[in-house]
Protein chains: 2
Amino acid sequence: MDPAYITPFVSSISNVFETMLQLPVSVGTPGIKNSATPTYDVSGIIGMTGDVEGTVVLSFPTATAERAVTLFTGMELPSGHEDFADAIGELVNMVSGGAKAQFHGKQVGISTPTVVVGSGHNVYGRKSMTTIEIPCTCDIGEFNVEVSLLLPAAAPTAD
Amino acid sequence: MDPAYITPFVSSISNVFETMLQLPVSVGTPGIKNSATPTYDVSGIIGMTGDVEGTVVLSFPTATAERAVTLFTGMELPSGHEDFADAIGELVNMVSGGAKAQFHGKQVGISTPTVVVGSGHNVYGRKSMTTIEIPCTCDIGEFNVEVSLLLPAAAPTAD
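All residue numbers here refer to positions counted from 1 along the written sequence of the relevant chain. Chain labels run from A onward and ligand labels from 1 onward, assigned in the order the entries are written. Whole-chain, interface and lining totals are the exception, using all residues; otherwise, since this is a predicted model, local features are given only for residues with pLDDT of at least 70 and side-chain atom pairs are given and counted only at 80 or more. To obtain the side-chain values, all non-hydrogen atoms of the structure were included, while hydrogens and water were left out.

Bringing the overall build of chain A into the picture now. Helix and strand assignments follow DSSP, with helices taken as H or I runs no shorter than four residues and strands as E runs no shorter than two, numbered in order from the N terminus. For chain A, the count of helices and strands is three helices and eight strands. Seen in sequence order, chain A has helices and strands lined up from the N terminus as α-β-β-β-β-α-α-β-β-β-β. For the radius of gyration, the atom set is restricted to C-alpha positions; the globular benchmark scales as 2.2 Å times the number of residues to the power 0.38. Against the 2.2 N^0.38 benchmark of 15 Å for 159 residues, chain A shows a C-alpha radius of gyration of 15 Å, consistent with a compact globule. Taken over the C-alpha atoms alone, chain A extends approximately 45 × 30 × 25 Å along its principal axes. In chain A, which comprises 159 residues, the proportion classed as buried is 52%. Pairs of residues are marked as contacts when any of their non-hydrogen atoms sit within 4.5 Å. When contacts within chain A are restricted to residue pairs at least 6 apart in sequence, those whose partners lie at least 24 apart make up 71%. The protein chains shown are the only cover counted for residues, whose accessible areas, like all others here, come from Shrake-Rupley with a 1.4 Å probe. Accessible surface computed for chain A: about 6300 Å², of which carbon and sulfur atoms make up 51%. Counted as positive: Lys and Arg. Counted as negative: Asp and Glu. His and the chain ends are not counted at all. Charge placement uses NZ in Lys and CZ in Arg. For Asp and Glu, CG and CD serve respectively. With 6 positive and 16 negative side-chain charges, chain A shows a spacing of 12 Å between the two charge centroids. Here the term buried applies to any residue with accessible area under 20% of the maximum for its type, exposed to any over 50%, and partly exposed to those in between, with areas from a 1.4 Å probe on protein chains only.

Structure (structure tokens):
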């Protein structure tokens, strides 16, 4: 996948976590995801359509997700609380929206988020599409951002 | 939610399962989903953007999903197989695409699917949006379609 479409996610992750959670994130090297690994407990999922079509998934272990939600909302919310799911959905919305804003010259729509809470689930993108996994580390633990996109022929234009 | 946006899903579910799986489906009365129930094992998730923005989730117990995939692909695929996830993704894609085709006069984009496999997971839409649950029964078991949409002021036009 053209790195011009992954770099916006890397900067958006750092920006969202730093500004909304006051949490610096160390973003590792993006790589191709092997289909069924790893497993997660909490996943926020959003769809992209238009010139850039695909999905963005933000996945956490439960403890990390709970700490992230507390930093984001100022409340201690267990993973079974509907406001917890809403907060995770808003995080993936902000990360996707921040990346989309950097797809200059592209018409892109993003859907509303869906959040899955369930211990040890696997997340699959479409088999014919490459999923790029962006590993992230921060003081509250590790999490992953997975980006699976059908791309237009031309890369986004520079600012 | 305006029933004019739910009826297309009801007819699309019946149409997809009847034509692709040769499986008649009894579609129950759509109702408002209460946040955290029920739990599922396999969920295909797709995003909608444009004049109709939201998400569509097709959720199954494992045994029903496995039987549906066998009818759809002609192969016995366990739920851990990546072709299994791909088939579930294609089903939610067809159901969403069939509904979208009935949103006459509306510009709507649908994302690529994401599939979650994990015993007993919960699926949450955005808290501020109503999620409509469409209960379905067929010879291979029960499954659910959940539709969560932000709607335009005007209903889709008739044919």
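The geometry of two aromatic rings is summed up by the distance between their centres and the angle between their planes. All names here are of chain B. Working definition: a ring pair exists when centres of Phe, Tyr or Trp rings (six-membered ring for Trp) sit within 6.5 Å. Plane angles under 30 degrees give stacked, over 60 give edge-to-face, the rest tilted. If you walk through the whole model with that rule in mind, you get eight aromatic pairs over all chains. Look at Phe17 and Phe143: their rings are 4.7 Å apart centre to centre, the planes differ by 15 degrees, and that puts the pair in the stacked class. In this pair, Phe17 is assigned in helix α1 (residues 7–21) and Phe143 in strand β8 (residues 141–150), connecting sequence segments 126 residues apart. Taken individually, Phe17 and Phe143 each receive the classification buried, so the pair is uniform in this respect.

Looking now at the interface of chain B and chain A. With 36 residues of chain B at the interface, the matching set in chain A holds 36 residues. Here the quantity called buried area is the total loss of accessible area, with a 1.4 Å probe, experienced by two parts when brought into contact, counted for both. Together, the buried faces of chain B and chain A total about 2900 Å²; carbon and sulfur atoms form 54% of this surface. The salt bridge involving A:Lys127 is made with B:Asp83; its shortest N-O contact spans 2.5 Å. Here a polar contact is taken to be a pair of N or O atoms separated by no more than 3.5 Å, where protein atoms must pair a possible hydrogen donor with a possible acceptor and residues adjacent in sequence count only if both atoms sit in side chains. Summed over the shared surface of chain B and chain A, the number is nine residue pairs in polar contact (both at pLDDT 80 or more). We define a salt bridge as a contact between a side-chain nitrogen of Lys or Arg and a carboxyl oxygen of Asp or Glu at a distance within 4 Å.

This part covers the environment of B:Gly118. Within the secondary structure, B:Gly118 is located in strand β6 (residues 114–124). A sequence separation of 77 residues divides B:Gly118 from B:Asp41, and the C-alpha atoms of the two residues are 5.1 Å apart. When residues no more than four places from it in sequence are discounted, the contact partners of B:Gly118 are A:His121, B:Tyr40 and B:Asp41.

The final tally for this structure, using the stated rule, is six salt bridges over all chains. The salt bridge involving A:Glu146 is made with A:Lys33; its shortest N-O contact spans 3.0 Å. Separated by 113 residues along the polypeptide, A:Glu146 in strand β8 (residues 141–150) and A:Lys33 in the loop between β2 (31–32) and β3 (40–50) bring together distant segments of the chain. Residue A:Glu146 shares its accessibility class with A:Lys33, and that shared class is buried. Close ionic contact of A:Glu90 with B:Arg126 constitutes a salt bridge, the shortest N to O distance being 3.8 Å. Linking A:Glu90 in helix α3 (residues 82–100) with B:Arg126 in the loop between β6 and β7 (131–138), this pair reaches from one chain into another.

What follows covers the relation of the copies chain B and chain A. Residues below a pLDDT of 70 in either copy are left out; the C-alpha atoms of the rest, at least 70 in both, set the least-squares superposition of the copies. With an RMSD of 0.0 Å, the operation that places chain B on chain A is a rotation of 180 degrees combined with a shift of 0.0 Å along the axis. Taken together, the rotation angle and the small translation identify this as a two-fold axis. Every residue of chain B has its C-alpha some distance from the rotation axis, and the shortest such distance is that of B:Gly47, at 2.3 Å. The overlap is high: 100% of the interface residues of chain B also sit at the interface in chain A, so the same surface is used on both sides.

What follows covers empty space enclosed by the protein. Think of a 1 Å grid over the protein atoms and nothing else: a 1.4 Å probe that fits but is trapped marks a cavity, an open set flanked by protein within 12 Å on at least five of seven lines marks a pocket, and residues with an atom within 4 Å of a point count as lining. Grid points are joined across faces, edges and corners, and a volume is the space filled by probe spheres set on the points. What the rule picks out here adds up to two cavities of 30 Å³ or more. Volume-wise, the largest cavity comes out at about 50 Å³. In this structure, the largest cavity is lined by A:Thr114, B:Lys33, B:Thr55, B:Val57, B:Val123, B:Tyr124, B:Gly125, B:Thr131, B:Glu146, B:Val147 and B:Ser148. Mapped onto the lining of the largest cavity, the elements with two or more residues apiece are β4 (53–60), β6 and β8 of chain B. Top contributing element to the lining of the largest cavity by residue count: β8(B), with three residues. Three classes are used, and their members are as follows: Ala, Val, Leu, Ile, Met, Phe, Trp, Tyr, Cys and Pro are nonpolar, Asp, Glu, Lys and Arg are charged, and the others, Gly among them, are polar. Of the residues belonging to the lining of the largest cavity, the class tally is four nonpolar, five polar and two charged.

In this fold, A:Thr112 is placed in the loop between β5 (108–110) and β6 (114–124). Judged by its relative accessible area of 1%, A:Thr112 falls in the buried class. Apart from the residues within four sequence positions on either side, A:Thr112 is in contact with A:Ile45, A:Ile46, B:Glu53, B:Gly54, B:Thr55, B:Arg126, B:Met129 and B:Leu150.

Okay, helix α2 (residues 62–73) of chain A next. All names here are of chain A. In this model, α2 (12 residues) spans 16 Å end to end at C-alpha, consistent with the 16 Å of a helix rising 1.5 Å per residue. Among the residues of α2, Thr64, Ala65, Ala68, Val69 and Phe72 are the ones counted as buried. Taken around the axis of α2, the buried residues stretch over an arc of 135 degrees, which confines them to a single face. Residues of α2 that are buried in the fold lie against α1 (7–21), β3, β4 (53–60), α3 and β8. Of the residues one or two after α2, Gly74 is the one with positive phi, at around 80 degrees. The span one expects for a helix is its residue count, reduced by one, times 1.5 Å. It is the directions from the helix axis to the C-beta atoms that the arc portrays.

Turning our eyes to something else, we now look at α1(A). Residue and element names in this part refer to chain A. Between its terminal C-alpha atoms α1 stretches 21 Å, which fits the 21 Å expected from 15 residues at 1.5 Å a residue. All buried positions along α1 are accounted for by Pro8, Phe9, Ser12, Ile13, Val16, Phe17 and Leu21. Down the axis of α1, the buried side of the element spans an arc of 145 degrees, and every buried residue falls inside it. One or two residues past the end of α1 sits Gln22, with phi positive at roughly 50 degrees.

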